[in-house]
Amino acid sequence: QVFSHHCPFLMGPIECLADVVTPDTDIQVTLSIFELASAAGIPCEVDPALVNVLAGSKTGSGGVPDLPLSAGYNNNIHCLAKAIIHVSAALFTLHNKNIETHLKEFLLV
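Bear in mind that the values here come from a model prediction, so they are computed numbers and not experimental data.

**Q** What is the right way to look at the overall build of the chain in this model?
**A** Regarding its fold elements, the chain presents six helices and zero strands. Evaluated residue by residue, the chain yields a buried proportion of 23% over its 109 residues. Counted over contacts in the chain with a minimum sequence separation of 6, partners at least 24 positions apart contribute 42%. Summed over its atoms, the accessible surface of the chain is roughly 7900 Å², and 63% of this surface lies on carbon and sulfur atoms.

**Q** Please clarify how helix H5 (residues 80-94) should be interpreted in this entry.
**A** Residues spaced three or four apart along an α-helix face the same direction, because each turn holds 3.6 residues. Between its first and last C-alpha atoms H5 spans 21 Å; for 15 residues at 1.5 Å apiece the expected length is 21 Å, and the two agree. Taken together, the buried positions of H5 are Ser 88, Ala 89, Ala 90, Phe 92, Thr 93 and Leu 94. Just past H5, the residue Asn 96 takes up positive phi, approximately 55 degrees.

**Q** What should I look at first to understand the nonpolar core in this one?
**A** Looking at soluble globular proteins, one finds that nonpolar side chains tend to be buried together. Of all hydrophobic cores here, the largest spans 13 residues; its most connected members are Val 46, Val 51, Ala 89, Ile 99 and Leu 103. Only helix H3 (27-39), helix H4 (48-59), H5 and helix H6 (99-108) provide two or more residues apiece to this core. Looking at this core, the element that brings in the most residues is H5, giving four residues. Setting aside residues up to four positions removed in sequence, Val 46 forms contacts with Phe 34, Val 51, Ala 89, Ala 90, Thr 93 and Ile 99. If you look at the next biggest cluster of nonpolar residues, it comprises five residues, including Met 11, Ile 14, Ala 18 and Ala 37.

**Q** It is not clear to me how the packing of H5 against H6 should be interpreted in this structure. Could you clarify?
**A** The packing of two helices is summarised by the inter-axis angle and the distance between the axes. The contact between H5 and H6 brings their axes to 10 Å, and the two run at 130 degrees. Considering the angle they form, H5 stands oblique to H6. Judged by the sense of rotation from one axis to the other, the crossing of H5 with H6 is right-handed. Contacts between H5 and H6 pair Ile 84, Ile 85, Ser 88, Ala 89, Phe 92 and Thr 93 from the former with Ile 99, His 102, Leu 103 and Phe 106 from the latter. Taken together, the residues of the contact of H5 with H6 sort by class into seven nonpolar, three polar and no charged.

**Q** Please explain the side chain of Thr 93 as it appears in this structure.
**A** By the element assignment, Thr 93 lies in helix H5. Apart from the residues within four sequence positions on either side, Thr 93 is in contact with Ile 27, Leu 31, Val 46, Val 51 and Ile 99.

Parameters at a glance
Residues numbered from 1 in each chain as written. Predicted model: local features only at pLDDT ≥ 70, side-chain atom pairs only at ≥ 80, totals over all residues. Heavy atoms only, no water. Helix = DSSP H or I, 4+ residues; strand = E, 2+ residues; numbered from the N terminus. Buried < 20%, exposed > 50% of the residue type's maximum accessible area, 1.4 Å probe, protein only. Contact = heavy atoms within 4.5 Å. Areas by Shrake-Rupley, 256 points an atom, 1.4 Å probe, with all protein chains shown as cover. Expected span 1.5 Å × (residues − 1). Core = buried A, V, L, I, M, F, W, Y, C linked by side-chain atoms within 4.5 Å. Axes fitted to C-alpha atoms, helices over the stretch in contact; angles between N-to-C directions. Parallel < 35°, antiparallel > 145°, perpendicular 65-115°, else oblique. Left-handed = near helix turned anticlockwise from the far one by under 90°. Nonpolar A, V, L, I, M, F, W, Y, C, P; charged D, E, K, R; others polar.

As structure tokens, this is what we get:
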């Protein structure tokens, strides 16, 4: 908010770009825009850093990236739903799937 207040000429175009992204937008363009937007502090549907990590693990060592040891403790179990949604959205993005449609199907299952 502070950055938007002091530099509206810089944040305005970034916010407009983030608003223009649709499910039909090319995946590489979408990731580039989301990377710019998240660097500026604007929340995005897909976390571009997570997509890069998952893409690296897909083509790299073949293993799944290590999760923090605190991933299953009772005091943060409420974050599980949000984590599932973010990881699912990143995976659907990585595989060039329509995020909104596939997340609805996933949640129905």
